[in-house]
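Below, each chain spelled out in residue letters.
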Amino acid sequence: ISVLFLTMLLLFLALFPGAFNCCMKISDEIPSGILRRVERFEIQKADGLCHLEAVILHMKGKKFCVNPWNRKVKKMMKKLKHKIHRSKSHVRRQRRTRITKQKEQKQ
């Protein structure tokens, strides 16, 4: 019986590798100090293997599952998206300027 159970478990893990990456519980309250240290976030939908809507906050090797409807979390997500968008457009602008200068120098 234990061999059968182990075989079934290995089969399950092979077929559904993300099954254990789902948030099973979410926090409704999260300290502001944690929100300030978030490096990135993911949105977990309540479909497929994961049966709970959540926002997964990532920071230095730690993950926190929080309520996606929390006002502080929504504000942090908006701020982080804006920050990432701004930094990417800045890099693009610098690259475009560098390419333009190179073209001018060649002429």
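A few points on the structure. Computed from a predicted structure; not experimentally measured.

### Points about the overall build of the protein
Counting its regular elements, the protein contains three helices and three strands. Its helices and strands in sequence order give the protein the pattern α-α-β-β-β-α, from N to C terminus. Taken over 107 residues, the protein has a buried fraction of 23%. The long-range share in the protein, meaning contacts at least 24 apart out of those at least 6 apart in sequence, stands at 45%. Working note: accessible area of the protein is about 9200 Å², and carbon and sulfur atoms make up 59% of it.

### A short note on the pattern of salt bridges
Under the criterion given, the structure shown has one salt bridge. One salt bridge connects E42 with R40, and the closest N-O pair in it is separated by 3.7 Å. By relative accessible area, E42 is classed as partly exposed at 35%. Relative accessible area serves as the criterion here: at 45%, R40 is assigned to the partly exposed category.

### Comments concerning a positive patch on the surface
On the surface, R36, R37, K60 and K62 cluster together to form a positively charged patch. By secondary structure assignment, the location of K62 is in strand β3 (residues 62-66).

### Some thoughts on the sheet that holds strand β2 (residues 54-59)
The antiparallel open sheet is built from three strands, whose spatial order is β1-β2-β3. Of all strands in the sheet, those with a lone pairing partner are β1 (40-44) and β3, marking the two edges. For this sheet the average axis-to-axis angle between neighbouring strands, irrespective of direction, equals 25 degrees. Note that β1 and β2 share five bridges and pair antiparallel. Residue pairing for β2: I43 is matched across the bridge by V55.

Reading guide: rules and limits
- Residues numbered from 1 in each chain as written.
- Predicted model: local features only at pLDDT ≥ 70, side-chain atom pairs only at ≥ 80, totals over all residues.
- Heavy atoms only, no water.
- Helix = DSSP H or I, 4+ residues; strand = E, 2+ residues; numbered from the N terminus.
- Buried < 20%, exposed > 50% of the residue type's maximum accessible area, 1.4 Å probe, protein only.
- Contact = heavy atoms within 4.5 Å.
- Areas by Shrake-Rupley, 256 points an atom, 1.4 Å probe, with all protein chains shown as cover.
- Salt bridge = Lys/Arg side-chain N within 4 Å of Asp/Glu carboxyl O.
- Patch = residues over 30% accessible without salt bridge, like charges linked within 9 Å, V, L, I, M, F, W, Y side chains within 5 Å.
- Lys, Arg positive; Asp, Glu negative; His and termini not counted.
- Charge placed at Lys NZ, Arg CZ, Asp CG, Glu CD.
- Pairing = 2+ DSSP bridges.
- Axes fitted to C-alpha atoms, helices over the stretch in contact; angles between N-to-C directions.

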